[in-house]
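# A structural walkthrough
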Amino acid sequence: MERIRTQVGIVGAGPAGLLLGHLLDRQGIESVEIENRSREYCESRIRAGVLEHGTAELLAQSGVGERMKREGLVHHGIYLRFRRRSHRIHFPELTGGKSILVYGQHEVVKDLIGARQAAGARIFFDVEKTEVEGMEGTAPSIRFHSGGRDYEIACDFIAGCDGFHGVCRPAIPAGALRIHEYTFPFAWLGILATVAPSSDELIYARHERGFALLSMRSPQVSRLYLQCAPDEEIAAWSDARIWAELQERFSTDEGWTLREGPITQKGVTAMRSFVAEPMQYGRLYLVGDAAHIVPPTGAKGLNLAAADVRVFARALDAYYREGKKELLERYSEICLRRVWKAERFSWWMTWMLHRGVAGEFAEQIHLAELDYVSGSRAAQTTLAENYVGLPYEEM
Ligand code: FAD
Ligand code: DHB
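Basis of the calculations
- Residues numbered from 1 in each chain as written.
- Chains lettered and ligands numbered in written order.
- Predicted model: local features only at pLDDT ≥ 70, side-chain atom pairs only at ≥ 80, totals over all residues.
- Heavy atoms only, no water.
- Near = heavy atom within 4 Å.
- Polar contact = N/O pair within 3.5 Å; in protein donor to acceptor, adjacent residues only side chain to side chain.
- Helix = DSSP H or I, 4+ residues; strand = E, 2+ residues; numbered from the N terminus.
- Nonpolar A, V, L, I, M, F, W, Y, C, P; charged D, E, K, R; others polar.
- 1 Å grid on protein atoms, 1.4 Å probe; cavity = no way out; pocket = protein on both sides within 12 Å on 5 of 7 lines; lining within 4 Å.
- Points joined across faces, edges and corners; volume = space filled by probe spheres on them.
- Axes fitted to C-alpha atoms, helices over the stretch in contact; angles between N-to-C directions.
- Parallel < 35°, antiparallel > 145°, perpendicular 65-115°, else oblique.
- Left-handed = near helix turned anticlockwise from the far one by under 90°.
- Contact = heavy atoms within 4.5 Å.

### Side note on the site of ligand 1
Residues in contact with ligand 1 amount to 29 residues; listed here are only the nearest, Glu35, Arg45, Gln105, Thr130 and Asp289. Note that an oxygen atom of ligand 1 is positioned 2.7 Å from one of the side-chain N or O atoms of Gln105. In the environment of ligand 1, an oxygen atom lies 3.3 Å from a nitrogen or oxygen atom belonging to the backbone of Gly301. Take the shell around ligand 1: its biggest share by element is 3 residues, from helix α8 (residues 301–322). Considered class by class, the residues forming the shell around ligand 1 number 12 nonpolar, 10 polar and 7 charged.

Put into structure tokens, the structure is as follows:
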């Protein structure tokens, strides 16, 4: 067994774990990170695509924003489409000048891994048998297997950045956590297609046949989603069927057309709301998806993970530089205030835009809600300020 000593042991090299390691490094705090997938897998896993104003700023201010600023697409609004018409929500006008950045999560991951490697970081990819222990005391540890050898990381704190299906949250005794959970009765079928996006901004469409979303990854690559059943068989969806369904759901009376192109990736994503409270157990801190999940409508998942990291990095800074434990003790409380607001927003966006499962009365309410949002500046301001990202919590 090889023993490694560090200050913070990080489980998971998704956006949360990588950004945490990066920020800690800049604060002079040592960390070691482990990841059970390969570097290539992490760098090509297609997930979120929208960065809030504050997330983009956090990345840029910490020195990993160069490519993001060059290649990211600044969007000043989104379209809500229903009853065959589009209604634009203009972010800067409604939020005092804020906008969002369309830049793929896997690009953020690539930039962070690049920065971590340039800084000489210790990241173990392809690890197996991750276990965390000793969180109740002052000397927690992480065990894992890599390249035919067993390792133990002895650390002061463990950051559980291992996503929803990781091992850190389940390592906490059941009685110590309160779980809030809801599974939606629908899912998203997502595709990546080599075709120029048919719109300059994202389109969230509600149609009789269900929700559809047009997004993008670059001027040449479109990302599209459509509402489907939670147990949808991806094999039943030929490329032709997917395009026909998307054409139908995006159809308008505005002379707009959806461009089609070769589909390079497709997959089904479940939709759930989930919060584990508190986000801490002794010296184990849950960060990002390990602690909470939002349905993807509203694009909050990645941004919430970044917001948790920001709080945890500050708390560790206060601890190591000034010996102050207060922020560490308040980590969960500070993060959860933002988490619950994002849960609320994602829940609201999801129900307003999806259809076919909540009964006819609810359908009419959701349509009325869309109608209200598209006609009221107050309602648009509510949507816009949440979409670009609420101000960070005071610490
Ligand atoms: P993750 O990105 O999940 O990172 C966790 C990391 O830990 C992974 O690399 C994983 O391999 C690793 N890991 C797990 N277990 C272990 C272990 N035992 N040992 C070591 N490492 C481990 N959000 C949006 O806003 N828009 C979207 O369109 C969108 N699409 C999504 C599609 C899918 C399929 C999923 C799962 C999520 C999607 N999300 C989306 C949510 C968003 O991607 C997440 O909120 C974001 O990835 C959270 O980052 P994270 O670092 O907390 O977790
Ligand atoms: C994307 C995903 C979302 O969930 C969303 O609300 C907007 C965009 C995307 O993958 O581009």
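Having seen the structure, we can now continue with the description.
### Let's talk about the layout of surface pockets
There is about 270 Å³ of room inside the second largest pocket. Looking at the second largest pocket, the residues that line it are Leu23, Arg26, Gln27, Gly54, Glu57, Leu58, Gln61, Ser62, Arg310, Ala313, Arg314 and Tyr392. At the level of elements, α1 (15–26), α3 (53–61) and α8 are the ones that each hand at least two residues to the lining of the second largest pocket. Considering every element that reaches the lining of the second largest pocket, the biggest residue donor is α3, with 4 residues. Each residue belonging to the lining of the second largest pocket can be placed in one class, and the counts come to 4 nonpolar, 4 polar and 4 charged.

### With respect to the packing of α1 against α8
Closest axis-to-axis distance for the α1/α8 pair is 9 Å, and the angle between their directions is 30°. Between α1 and α8, the crossing angle belongs to the class labelled roughly parallel. Along this stretch, α1 crosses α8, giving a crossing that reads as right-handed. Residues Pro15, Ala16, Leu19, Leu20, Leu23 and Leu24 of α1 form the contact with α8, whose participating residues are Leu302, Ala305, Ala306, Val309, Phe312, Ala313 and Leu316. For the contact of α1 with α8, the per-class residue count stands at 13 nonpolar, no polar and no charged.

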